[in-house]
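Structural features, examined
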Amino acid sequence: MIVAIPIWQGRISPVLDVAERVLLCDIELEECAPEMLSLEQQEPMARAEELKAAGVDLVICGAVSRELELALVARQITLRALCCGDVDEVLQACRRGDTRLQSFGMPGCRQRRRRGHCGGRACSRHDQMEK
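Rules behind the numbers
Residues numbered from 1 in each chain as written. Predicted model: local features only at pLDDT ≥ 70, side-chain atom pairs only at ≥ 80, totals over all residues. Heavy atoms only, no water. Axes fitted to C-alpha atoms, helices over the stretch in contact; angles between N-to-C directions. Helix = DSSP H or I, 4+ residues; strand = E, 2+ residues; numbered from the N terminus. Parallel < 35°, antiparallel > 145°, perpendicular 65-115°, else oblique. Left-handed = near helix turned anticlockwise from the far one by under 90°. Contact = heavy atoms within 4.5 Å. Nonpolar A, V, L, I, M, F, W, Y, C, P; charged D, E, K, R; others polar. Buried < 20%, exposed > 50% of the residue type's maximum accessible area, 1.4 Å probe, protein only. Arc of directions from axis to C-beta. Pairing = 2+ DSSP bridges. pLDDT = per-residue confidence, 0-100.

1. Side note on the packing of helix α1 (residues 44–53) against helix α2 (residues 66–74)
Two packed helices can be described by the angle between their axes and the distance between those axes. The interhelical angle for the contact between α1 and α2, taken along N-to-C directions, is 40°, at an axis separation of 8 Å. By the criterion of interaxial angle, the relationship of α1 to α2 is oblique. Seen from above, α1 lies across α2 with right-handed handedness. For the pair α1 and α2, contact is made by P44, M45, R47, A48 and L51 and by E67, L68, A71 and L72, respectively. Among the residues making up the contact of α1 with α2, the classes are represented as seven nonpolar, no polar and two charged.

Here's what the structure looks like:
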């Protein structure tokens, strides 16, 4: 399973839509040397297609626009949004089989207390995280 994580200073980048590069890693391989992919496309559909062409199965990110989220899902790319933290720690969790990544939720997000709600409003991204 190839995981893509947008990075900024060794951490998950806060916004996928404007990230310039993603780290790619096959978490099923014990010895995986992560590689960097520069994202050339800005338009959501083209950006999602760029990730699909790189063989990405799972995107772990912070914030993401609804348009990019839908473009990823339409290409059968699983999305784990509203995550933050150190990229190496996230990859270690994925390798252990913890792809729900609940311990990496963004600050201020109440996903741990009320499934499916963020800031008091319905949030479909948490439904994605629970699957």
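2. Side note on α2
Among the residues of α2, those classed as buried are L68, E69, A71 and L72. Within α2, the buried residues cover an arc of 165° as seen down the axis, which keeps them to one side. Just beyond α2, the residue with positive phi is Q76, at close to 60°.

3. Remarks on the pairing of strand β1 (residues 2–8)
Among the seven residues that make up β1, five are buried, leaving the element largely enclosed by the rest of the structure. The pairing of β1 with strand β3 (residues 21–26) spans five bridges and is antiparallel. Counted as the bridge partner of V3 is C25 from β3. Pairing geometry for β1 and strand β5 (residues 58–60), over two bridges, is parallel. For V3, the partnering residue across the bridge sits in β5 and is L58. Pairing of β1 with strand β2 (residues 11–12) involves two bridges; the strand directions are antiparallel. Within the sheet, the bridge partner assigned to W8 lies in β2 and is R11. Hairpin connection from β1 to β2: two residues lie between these consecutive antiparallel strands, with Q9 at a positive phi of about 55°.

4. Regarding the side chain of S13
Looking at the element boundaries, S13 is found in the loop between β2 and β3. Residue S13 is classed as buried on the basis of its relative accessible area, which comes to 8%. Leaving out residues up to four positions away in the same chain, S13 has contacts with P6, I7, W8, A19 and G62.

5. Things to note about the environment of M45
Among the structural elements, M45 can be located in helix α1. In sequence terms M45 and L72 are 27 residues apart; their C-alpha atoms lie 8.0 Å from each other. Residues in contact with M45, not counting those within four places in the same chain, are A71 and R75.

6. A short note on the confidence of the model for the protein chain
Scored by pLDDT, the protein chain has a mean of 81; 78% of the residues are at 70 or more. Within the model, the stretch residues 111–131 combines pLDDT values under 50 with 48 contacts to residues more than four positions away or in other chains.

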